Amino acid sequence: MNYNVRHFLEQCLHTVQRACEGIRAEIIVVDNQSTDGSEDYLKSKFTNIDFRWNQRNTGFATANNEALATALGKYILFLNPDTLLPEDCLHQCLAFMKQAERPGVLGVRMIDGSGSFLPESKRGLPTAMASLYRLSGISYLFPRSPRFAAYYAGHLSDKQNHVVDVIAGAFMMAEKKVLDAAGGFDTSFFMYGEDIDLSYRIQQAGYQNYYFAGTTIIHFKGESTIKSSAYVRHFYHAMKLFVQKHYKNPFARWAMLLAVRVGGFLSFLKNSVQRATPVSSPKTIHAAMVTSGDYLSTLVQCIKHSTVPVMIHGRVSARFEDNAFAIGFIDDIPQLVQKGITHLVLSTDVLTIREMIDTVQQYRKHCRFLFHTAGSCSIVGSDDKNSRGMAIAEA
């Protein structure tokens, strides 16, 4: 489902197409009345993709159900538009699903654009106590505790496969027959909470939800879940709906609704402080391009359209045999940062998405990263979940 993230979706679709190689697959994109020119920008670039251009914003659940109703595949993947998939991601997931016991919904290990692991990749049910520990900050003091960190299943290693309660809607794979039997997403949830509800209903039907650590994807979380006042309103309304729908015990329901109200109030206060904080002027980005000598001019041409000042320091080689006019190799990142480079632009003309993910995780404490898929007209990046991502594109 797309909503006003055309440049991120462009990058995503290039990676999805590569990940679908060797698989009989259809790609359906439902656009919920984007106002950023997504239709004109995308439909001519991806002529083999089934786009649905809604005339109103129907919400996440309804849009995904629209695609589910006509999808023909045995397996269905719901995927956020602000994601990048490694080339073997879908093959790995399908292989795991085929041997798993009573598979319900499968999710994968996710990192953000800075290389940090996203804890919502695997979650427990949002019980009253689990929610209270998270909202109060206790879960951050004891991030590995099975009791205090239950909301994000912090006691379970992110490097191992696990049966879990809840899978994030950014990447949800399941057999179509399982989704059809569950009735798809509950459209009472306009935005947020629908993944918790669907995971829970599938679990209640006797299936097991799996967190699969055998592959890692990038989810530019800030682009889709930036903490605006609208986000707070939709998120806590969704939590209230979930409680009213699934918690029948009066005391448990009361405790959960209280936790939701407290959490909504705390988030409102936090957002008020953030809105009151002056926004500083964008600083100059000192970038180096991890690309080939032949492709460098393409990236430079794209960078010219940046609304943020970008100083290009040169090209970084990803391969030893391609070192002509390079200022260093990708293994030299710590030394390059000492020379003033703040960002690396990673391009798939020389790196696979899997290599990008490895690089971001290995050097995430040294610098920031921007991403480009060869053949696209944009460069994107996002440093954290609380800020808008950056998109640079040719006019």
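Quick look at the structure, then.

Calculation rules
- Residues numbered from 1 in each chain as written.
- Predicted model: local features only at pLDDT ≥ 70, side-chain atom pairs only at ≥ 80, totals over all residues.
- Heavy atoms only, no water.
- Helix = DSSP H or I, 4+ residues; strand = E, 2+ residues; numbered from the N terminus.
- Buried < 20%, exposed > 50% of the residue type's maximum accessible area, 1.4 Å probe, protein only.
- Contact = heavy atoms within 4.5 Å.
- Areas by Shrake-Rupley, 256 points an atom, 1.4 Å probe, with all protein chains shown as cover.
- Core = buried A, V, L, I, M, F, W, Y, C linked by side-chain atoms within 4.5 Å.
- Salt bridge = Lys/Arg side-chain N within 4 Å of Asp/Glu carboxyl O.
- Phe/Tyr/Trp six-rings, centres within 6.5 Å; stacked < 30°, edge-to-face > 60°.
- Lys NZ or Arg CZ within 6 Å of the ring centre and 35° of its normal.
- Arc of directions from axis to C-beta.
- Pairing = 2+ DSSP bridges.
- Right-handed = clockwise from strand over helix to strand, strands pointing away.

Attention now goes to the overall build of the protein chain. Within the protein chain, the secondary structure is distributed over 14 helices and 15 strands. A total of 395 residues make up the protein chain; the buried ones form 53% of that total. The contacts of the protein chain with a sequence gap of at least 6 include a subset with a gap of at least 24, amounting to 75%. For the protein chain, the exposed surface amounts to about 18300 Å²; the carbon and sulfur share of it is 55%.

Before going further, it helps to spend a moment on the nonpolar core. Leu85, Leu106 and Phe171 are the most contacted members of the largest nonpolar core, which totals 35 residues. Elements with a minimum of two residues in this core: α1 (6-19), α2 (38-42), β3 (75-79), α4 (89-99), β5 (103-111), β7 (171-175) and β8 (208-219). Looking at this core element by element, the count peaks at six residues for α4. The residues touching Leu85, leaving out its near neighbours within four places in the chain, are Thr15, Val16, Ala19, Leu79, Leu90, Phe171, Ile217 and Ile353. Grouped together as the second largest cluster of nonpolar side chains are 27 residues, Val5, Ala318, Leu346 and Tyr363 included.

Where charged atoms from two side chains of opposite charge approach closely, those side chains can pair. For the coordinates displayed, the defined rule picks out 12 salt bridges. Here Arg315 makes a salt bridge to Asp322, at a shortest N to O gap of 3.1 Å. The class for Asp322 is partly exposed, based on a relative accessible area of 24%.

Evaluated as defined, the whole model comprises 11 aromatic pairs. Measuring from ring centre to ring centre gives 4.9 Å for Phe78 and Phe185, while their planes differ by 65°; the resulting arrangement is edge-to-face. One end of the pair, Phe78, is in strand β3; the other, Phe185, is in the loop between α7 (176-182) and α8 (194-204), and 107 residues separate them in sequence. On the basis of relative accessibility, which here comes to 5%, the residue Phe78 falls in the buried class. By relative accessible area, Phe185 is classed as buried at 3%. One cation-aromatic arrangement involves Arg6 over Tyr41; the distance from NZ or CZ to the ring centre is 4.9 Å.

What follows is about helix α14 (residues 353-362). When α14 is considered as a whole, its buried residues turn out to be Ile353, Met356, Ile357, Thr359 and Val360. For α14, the arc enclosing every buried residue in end-on projection is 165°, short of the 170-degree limit, so these residues lie on one face.

When strand β9 (residues 285-290) meets strand β10 (residues 310-317), the two strands line up parallel, connected through six bridges. Note that in β10 the partner of Ile285 across the bridge is Val310. For the crossover that starts at β9, traverses helix α12 (residues 296-303) and ends in the parallel β10, the hand is right-handed. In the sheet, β10 pairs with strand β11 (residues 326-329) via three bridges, with the strands oriented parallel. Considered in β11, the bridge of Ser317 is made with Phe329.

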